[in-house]
Amino acid sequence: MKPHLIVLDLDGTLLTDEKVISEETANTLKRAEEQGHQVMIATGRPYRASSIYYRELGLTTPIVNFNGAFVHNPTDRSWKTVHETIALPVVNDVVEAMQDFRFHNIIAEVMDDVYLQYHDEKLLDILSFGAPVIKQGDIRESLQVEPTSLLIQADPTNVDTIRRHLAEVHAEAIDHRRWGAPFDVIEIVRHGLNKAVGISHVAKYLGIPRERIIAFGDEDNDLEMIDYAGVGVAMGNGIDRLKSIADEVTLTNNEDGIAEVLKERLLLTNKI
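Small disclaimer: the values here were computed from a predicted structure and weren't measured.

J.: Go over the packing of helix H2 (residues 23-34) against helix H11 (residues 257-265) with me, naming the residues and quoting the values.
T.: At a closest axis distance of 8 Å, the pairing of H2 and H11 adopts a crossing angle of 30°. In terms of their interaxial angle, H2 and H11 are classed as roughly parallel. Pair H2 / H11 crosses with left-handed handedness. Each of Glu-24, Thr-25, Thr-28 and Leu-29 in H2 lies in contact with H11, whose residues at this interface are Ile-258, Ala-259, Leu-262 and Lys-263.

J.: Now, about the pairing of strand E9 (residues 149-154): what can you tell me, with residues and values included?
T.: Burial within E9 is extensive, with six of its six residues counted as buried. Alignment of E9 against strand E11 (residues 185-190), held across four bridges, turns out to be antiparallel. In the strand pairing of E11, Ile-152 is matched with Ile-186.

J.: Give me the sheet that holds strand E1 (residues 5-8): which residues, what numbers.
T.: Pairing is parallel across the open sheet formed by five strands, whose spatial order is E2-E1-E12-E13-E14. Taken across any chain shown, the strands that pair with only one partner, and hence form the sheet edges, are strand E2 (38-41) and strand E14 (248-249). Note that strand E12 (residues 213-217) and strand E13 (residues 231-234) share four bridges and pair parallel. Along E13, the bridge assignment pairs Gly-217 with Ala-234.

J.: Lay out the sheet that holds strand E5 (residues 82-83) in plain terms, naming residues and giving numbers.
T.: Strand order in the open sheet formed by three strands is E3-E4-E5, with antiparallel pairing between adjacent strands. With one partner strand each, in any of the chains shown, strand E3 (63-65) and E5 form the two edges of the open sheet. Bridge count between strand E4 (residues 70-72) and E5: two bridges; the pairing is antiparallel. Residue pairing across strands places Phe-70 opposite His-83, the latter belonging to E5. Against the sheet, helix H8 (residues 195-206) contacts E3, E4 and E5, and its axis sits at roughly 160° relative to E3.

Thresholds, definitions, all that
Residues numbered from 1 in each chain as written. Predicted model: local features only at pLDDT ≥ 70, side-chain atom pairs only at ≥ 80, totals over all residues. Heavy atoms only, no water. Axes fitted to C-alpha atoms, helices over the stretch in contact; angles between N-to-C directions. Helix = DSSP H or I, 4+ residues; strand = E, 2+ residues; numbered from the N terminus. Parallel < 35°, antiparallel > 145°, perpendicular 65-115°, else oblique. Left-handed = near helix turned anticlockwise from the far one by under 90°. Contact = heavy atoms within 4.5 Å. Buried < 20%, exposed > 50% of the residue type's maximum accessible area, 1.4 Å probe, protein only. Pairing = 2+ DSSP bridges.

Fair warning: the whole summary comes from geometry, so function is off the table for now.
Printed below as a string of structure tokens:
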């Protein structure tokens with residue numbers, strides 16, 4: 001069988017609800033690699049919050065972070081890194097516009113630096129993963145460089161209203177996605193970026209065509225990736241919109257849905 005590229009979202013997909021990779025899924029991925037297939041991660045997380053899983057799987061492939069805004073190879077510094085940022089005037093316009101909406105917080109991420117509009121212990125617990133430099137205060141004053149992404153934490157009843165505003169006013173400059181539970185967060189990246197764009201860089205580098213890409217996801221930020229892949233697989237716990245465009249719907253992230261598909265499609269044995 002010709003080499004395939006297996007693309008894995010993290011939360012709600014590769015990871016169980018306990019944020020671990022099951023032994024069955026890990027063994028199946030290892031078996032796929034032994035058969036000559038490539039495995040990579042494509043996530044909305046920054047690298048500092050995904051490196052633990054990258055290392056756990058023993059990957060050597062490039063990784064897509066920030067939903068396509070940052071693509072690099074942690075094991076090969078000669079690989080040409082892709083890093084697309086949001087223009088500062090756009091960031092300031094968005095932050096300024098949010099003053100007319102109800103929101104809880106705004107976070108800007110510059111690779112491993114985090115800018116927090118308001119102090120929030122619960123958010124700090126999440127954002128502190130990987131030990132970033134955290135700065136607190138008005139982002140319009142503290143942020144002096146273009147960020148990789150911008151996060152808006154809003155009241156769940158107000159998320160759609162904010163997204164409509166972003167689509168109407170800033171559509172030419174940014175793209176945005178909604179996070180799932182436990183926080184209602186709108187993630188903003190530079191216009192034209194998504195996981196599929198990041199994966200295309202990697203697939204070209206590896207010489208693997210779209211028809212031999214198998215991608216797994218569960219959320220709003222996986223739509224383009226699932227549509228782009230030759231085989232787009234929605235997890236059983238995924239959102240309905242993703243399931244409606246997927247080529248296949250598998251078991252949930254807690255039921256080894258990834259392993260189930262790979263064993264069947266790549267003719268893998270159950271164990272190494």
